[in-house]
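Here is what each chain is made of, one letter per residue.
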Amino acid sequence: MAPKNETMDKIVSLAKRRGFFYPGSEIYGGLANTYDYGPVGTELLRNIKNLWWKYFVQQRSDMVGLDAGIISHHKIWEASGHVAGFADAMIDCKNCKARMRADHLIEGYYDEQLKIQEENDKLGKGSYVPIFVVDEENWISNIIDKKTRNYQIEGLSTAKLQEVIERFKIKCPNCGKNDWTAIRKFNQLFPVQLGIVQGEGGMGYLRGETAQGMFINFRNVVDSNRVRLPFGIAQIGKGFRNEITPGNSIFRTIEFEMGEIEYFFDPETTNWEEAFEKWKSSMWEFVTKHLGILETNLKWREHTDEERSFYSTRTEDLDYKFPFGFKELWGLAYRTNYDLTQHSTVSKKDLTITDPYTQKKILPHVIEPAVGLTRLLLMVLIDAYTEEGTSAGGSEGKRTVLKINPKIAPYKVAVFPLLANKEELVGKAQEIYNELKQHFMVTFDARGNIGKRYMAQDEIGTPWCVTVDFDSLDDGTVTIRDRDTMKQERIEIAKLVTYFQEKLG
Ligand SMILES: [Zn+2]
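Here the structure is a predicted model, which means the values were calculated and not measured.

Conventions we followed
Residues numbered from 1 in each chain as written. Predicted model: local features only at pLDDT ≥ 70, side-chain atom pairs only at ≥ 80, totals over all residues. Helix = DSSP H or I, 4+ residues; strand = E, 2+ residues; numbered from the N terminus. Expected span 1.5 Å × (residues − 1). Buried ≥ 20, exposed ≤ 12 C-beta atoms within 10 Å, placed from the backbone. Arc of directions from axis to C-beta. Pairing = 2+ DSSP bridges. Domains from an automatic or database assignment. Axes fitted to C-alpha atoms, helices over the stretch in contact; angles between N-to-C directions. Contact = placed C-beta atoms within 7 Å. Core = buried A, V, L, I, M, F, W, Y, C linked by C-beta atoms within 7 Å. Parallel < 35°, antiparallel > 145°, perpendicular 65-115°, else oblique. Left-handed = near helix turned anticlockwise from the far one by under 90°. Nonpolar A, V, L, I, M, F, W, Y, C, P; charged D, E, K, R; others polar.

S.K.: Lay out helix 10 (residues 272–290) with the relevant residues and their values.
M.R.: Over its 19 residues, helix 10 runs 26 Å from end to end, which matches the ideal 27 Å to within 8%, given 1.5 Å per residue. Buried residues of helix 10: Trp279, Met283, Phe286 and Val287, and no others. Taken down its axis, helix 10 places every buried residue within 85° of arc, on the same side. Exposed and facing more than 90 degrees away from the buried side of helix 10 are Glu273, Glu274, Glu277, Lys278, Ser281, Glu285 and Lys289.

S.K.: Describe the pairing of strand 11 (residues 255–265), and please don't skip the residues or the numbers.
M.R.: Within a regular beta strand, the side chains point alternately toward one face of the sheet and then the other, so they alternate between its two faces. Across the 11 residues of strand 11, eight count as buried, placing the element largely inside the fold. Pairing of strand 10 (residues 231–240) with strand 11 involves 10 bridges; the strand directions are antiparallel. Bridged to isoleucine 236 within strand 11 is glycine 259. Of the pairings in the sheet, the one linking strand 11 to strand 17 (residues 365–372) comprises six bridges and is antiparallel in character. The partner of methionine 258 across the bridge, within strand 17, is glycine 372.

S.K.: Tell me what's going on with the domain arrangement of the protein, and back it up with residues and numbers.
M.R.: Segmentation of the protein into domains returns domain 1 (37–74 + 189–384) and domain 2 (411–503). Spacing between the C-alpha centres of domain 1 and domain 2 amounts to 40 Å.

S.K.: Quick rundown of the sheet that holds strand 17? Include the residues and the values.
M.R.: One open sheet holds the seven strands; their spatial order is 3-10-11-17-14-13-12, and the pairing between them is mixed. Each of the sheet's edge strands pairs with one partner strand only, and the pair in question is strand 3 (63–65) and strand 12 (298–302). Here the strands of the sheet are splayed against their neighbours by 25° on average, with no regard to which way each runs. The pairing of strand 13 (residues 314–322) with strand 14 (residues 325–336) spans nine bridges and is classified as antiparallel. Its bridge partner lying in strand 14, threonine 315 is registered against alanine 333. In this fold helix 2 (residues 39–58) packs onto strand 3, strand 10 and strand 11, with an angle of close to 160° to the strand it touches most, strand 10.

S.K.: Now, about the nonpolar core: what can you tell me, with residues and values included?
M.R.: Within the largest apolar cluster, 90 residues are counted, with the highest numbers of intra-cluster contacts made by Val380, Leu381, Val413, Val415 and Val466. The dominant element in this core, judged by the number of residues it contributes, is helix 12 (residues 373–384), at seven residues. Residues lining this core come from more than one domain, with at least three contributed by each of domain 1 (37–74 + 189–384) and domain 2 (411–503). For valine 415, the residues in contact, after removing those within four places along its chain, are Ala429, Ile432, Tyr433, Leu436, Val442, Phe444 and Val466. Residues Leu105, Tyr110, Ile144 and Ile170 belong to the second largest nonpolar core, which totals 15 residues.

S.K.: Help me get a handle on the environment of phenylalanine 186, residues and values and all.
M.R.: Following the sequence through the fold, phenylalanine 186 ends up in strand 7 (residues 184–187). Residue phenylalanine 186 is classed as partly exposed on the basis of its C-beta count, with 14 C-beta atoms lying within 10 Å. Distance in space between the C-alpha atoms of phenylalanine 186 and isoleucine 91 is 9.8 Å, their sequence separation being 95 residues. Those residues in contact with phenylalanine 186, other than ones at most four positions away along the chain, are Ala87, Asp88 and Met90.

S.K.: If you had to explain the packing of helix 2 against helix 12 to someone new, which residues and values would you point to?
M.R.: It is the contact of helix 2 with helix 12, at a shortest axis distance of 10 Å, that shows an interaxial angle of 115°. By the angle between their directions, the pair helix 2 and helix 12 is classed as roughly perpendicular. Pair helix 2 / helix 12 crosses with right-handed handedness. Within the contact between the two elements, helix 2 uses Leu44, Leu45, Ile48, Lys49 and Trp52 and helix 12 uses Leu373, Thr374, Leu376, Leu377 and Val380. Along the lines of polarity and charge, the residues of the contact of helix 2 with helix 12 split into eight nonpolar, one polar and one charged.

S.K.: Now, about the sheet that holds strand 6 (residues 99–101): what can you tell me, with residues and values included?
M.R.: Ordered by their spatial adjacency, three strands build an open sheet running 6-5-7, and the pairing between neighbours is antiparallel. The open sheet has two edge strands, strand 6 and strand 7, and neither has a second partner. Averaged over all neighbouring strand pairs, the angle between strand axes comes to 45°, with direction disregarded. Packed on one face of the sheet, helix 5 (residues 102–123) meets strand 5 (87–92) and strand 6 and runs near 80° to strand 6.

S.K.: Go over the environment of phenylalanine 21, please, and point to the residues and values.
M.R.: Of note, phenylalanine 21 is situated in strand 1 (residues 21–23). Note: C-alpha distance between phenylalanine 21 and glycine 331 (310 residues apart in sequence) is 25 Å. Apart from the residues lying within four places of it in its own chain, the contact partners of phenylalanine 21 are Ala15, Tyr35, Asp36, Tyr37, Gly38, Gly41 and Ile250.

S.K.: Describe in detail the packing of helix 5 against helix 7 (residues 158–167), supporting the description with residues and values.
M.R.: Put simply, helix 5 and helix 7 touch, their axes get as near as 10 Å, and they point 35° apart. Once helix 5 is placed against helix 7, the crossing between them reads as left-handed. Across from Ala102, Asp103, Leu105 and Ile106 in helix 5, the residues of helix 7 making contact are Leu161, Val164 and Ile165. By residue class, the composition of the contact of helix 5 with helix 7 is six nonpolar, no polar and one charged.

S.K.: Please give an account of unusual backbone geometry that cites residues and values.
M.R.: Following leucine 229, the chain continues into proline 230 via a peptide bond in cis, with omega recorded as -5°. Mapping proline 230 onto the fold places it in the loop between helix 9 (218–224) and strand 10. One non-glycine residue with positive phi stands out, namely serine 25, at about 50°. Tracing the sequence through the fold places serine 25 in the loop between strand 1 and strand 2 (35–37). Residue serine 25 is classed as partly exposed on the basis of its C-beta count, with 13 C-beta atoms lying within 10 Å. The backbone of methionine 486 sits at a positive phi, close to 65°, despite the residue not being glycine. Turning to its location among the elements, methionine 486 is positioned in the loop between strand 23 (477–482) and strand 24 (488–492). Here methionine 486 falls in the partly exposed class, since 16 other C-beta atoms lie within 10 Å of it.

Next up, the structure:
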């Protein structure tokens, strides 16, 4: 569990250098925890979204889509419980005034202690570290799994967080003093003042999640579409959470892209445990097969009783091994019919669905798979990031390459003229570029030497580079260079489109 991470620094620097993402509002000094996606990042994000939609909506017969508003009625968030409960436990250092999340403060402390323990282990010194020597009966010792050295702090109650900080006399990472305020809850919803109406009447919220859009439109979807239980509503869109967060780049930002599904069913005819397992396999298949992520970097983690919402019967997270530890990628929760019950009660609208055969009225239960798509993007970059030696030598005999699944790579093909100052080569290359553009996202580069151009394409994960040389003008063939193997082959220009179509399946 390395704290500040070299891999992460390299990826963030690559992201800026090549145009995946930039710090938000940068020319005005930046705005904490916001990011803007550049030309290459925009393509990658769109490809991930499209693949998600294709897999979870287009290719299924039990799913429909929705695109609800971002600005929404304050009552939605009162009914959902977000106004009362959607809050971070924050703590302030009285000395230097630094404000941070109490759970993150403890996580930082645990990371440090675990490092000390690792050193002790190497020296054969045993446990001299406070987090390991607390009384076995004490719940604090149960936060840490002594075998795997994994811990779970997120989701602890305010009182328990306070107790841990006091127990270990955790110091401020900023100034080193141990002088804290009490922990206070800080609501994460962004209020919006609408029009000129002052007070509650003109008050809305930026949505904290897309899920509520599915619940409040449940009646509309049922009445306007031929859907029958079990069925799901899917949505891709922005969510907003006013969080104070530690670095880790785009892992946790105040504005982020979500992909959420509410899968509605009648608990009397659908076994929720079976449905839950099916969703687990779909999520796993999407991440491993379609995004091409290594299975060994993924694991399931069931929420503890304390983390789980009181209405949820089971919640599991699919965690990915980020350079800063295994962290949540995708949540899967069985939420019973809590949400529809809440909205039905507060809005006083009937949200039941009638079974066409039995005429039974059902207030469906839901299973909710919810993922941060911008978090998927970060995972794809981390998983694809490779530094390797090259037999060809290159400038220093090594290269950085993003081995992204070609299906989601920002550009599928880059087209080069061998020399930028030979009109006939440039003209032919442009002709090929214009043709390929009709079928794929393609880029063109005539700057510098071929080696530099390969290097630039490797760093953004372009699977194939096509080079037009003098032979091309005579025999109508070009060189295709493969990103991963670096092998080259000659292909007829006339067959290029089919060649790439076949490669992309
Ligand atoms: Zn301080």
